[in-house]
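What the coordinates show
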Amino acid sequence: MSMRVIVTRPEGQAGELVDRLRGLGHEVVLCPLVRIEPLGDAPIDVAPYDWVVVTSANGARELARRMRGRPRKLAAIGPATAAALAEHGLAADLVPRVSTQEGLLDELPRPAGRVLVAAAEGARGLVVVELGADFVALYRTIELRPAELPSGDLVLLASGSAARAFAALGLDVPAVSIGPQTTSAAEAAGVRVVAEAASHDVEGLLKAIVGCSTED
């Protein structure tokens, strides 16, 4: 069943998702609800660390841009983050089966040694607390409000920030979420989540959408 799908990813970061949705016969409504703002250009020396943990694709790109030295071991929270690292010639030594901080902690060898978590400003601090890790904020996420309200049958939410920004629009449109943290943020803000991606990437979102259209 063809649907009108609202895509809320940052400008310039929705290309693959949009192409795949259109390939499945869906109409796409582009409505970026967040903007990524890098936090400076100061070099980040990763050489002293046993593990560097990256928790998002945006974090991977910013780390690659500012990194000095080579990490001994590199952990990516999920396949999309690992793919973003690979674009810059960086291979992840660990990609957990469950793409959450809890999943990463379950699979990270102990003792982990000295750990650096490279993430967004205000990111969850679970890994930092559990491992006594150092933390560097690489970027911040700015919530946006579109000039015109979008309309659609379904909205795709790939971050808690996007979920909160969509909730602020006051639209009664069901959502597909990329993962549990986004689902929690969406539901807390009053957004009705009808499906959650089993894998926290484009493939997972597409499979969740197919499930929604099949149910209809």
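Residues numbered from 1 in each chain as written. Predicted model: local features only at pLDDT ≥ 70, side-chain atom pairs only at ≥ 80, totals over all residues. Heavy atoms only, no water.

Re the environment of Q101
If you trace the backbone, Q101 turns up in helix α4 (residues 101-107). A relative accessible area of 8% means that Q101 is categorised as buried. Sequence separation between Q101 and L24 is 77 residues; the distance between their C-alpha atoms is 32 Å. Apart from the residues within four sequence positions on either side, Q101 is in contact with I77, R124, G125, L126 and V127. (Helix = DSSP H or I, 4+ residues; strand = E, 2+ residues; numbered from the N terminus. Buried < 20%, exposed > 50% of the residue type's maximum accessible area, 1.4 Å probe, protein only. Contact = heavy atoms within 4.5 Å.)

So, the nonpolar core
Core analysis: the biggest nonpolar cluster contains 21 residues, and V52 and L63 have the highest contact counts within it. Of all the secondary structure elements, the ones that give two or more residues to this core are β5 (51-54), α2 (57-66), β7 (74-76), α3 (79-86), β8 (115-120) and β9 (134-143). Those residues in contact with L63 that sit more than four places away from it in its chain are V46, V52, V54, L74, A118 and L138. Counting 20 residues, the second largest nonpolar core, distinct from the first, contains V5, V7, A14 and L205. (Core = buried A, V, L, I, M, F, W, Y, C linked by side-chain atoms within 4.5 Å.)

Describing unusual backbone geometry
In this structure, the amide linkage connecting R110 to the following residue, P111, adopts the cis form with an omega of -5°. Mapped onto the elements, P111 comes out in the loop between α4 and β8.

Focus: the sheet that holds β9
Read from one edge of the open sheet, five strands run β3-β9-β8-β5-β7, paired in mixed fashion. At either margin of the open sheet sits one strand with a lone partner, and together these are β3 (34-38) and β7. Averaged over all pairs of adjacent strands, the angle between their axes in this sheet comes to 20°, without regard to strand direction. Two strands pair when backbone bridges link them, and β3 and β9 are joined in this way by five bridges, in the antiparallel orientation. Within the sheet, the bridge partner assigned to P38 lies in β9 and is Y139. The strands touched by α2 within the sheet are β3, β5, β7, β8 and β9, with β9 carrying the most contacts at an inclination of about 125°. (Pairing = 2+ DSSP bridges. Axes fitted to C-alpha atoms, helices over the stretch in contact; angles between N-to-C directions.)

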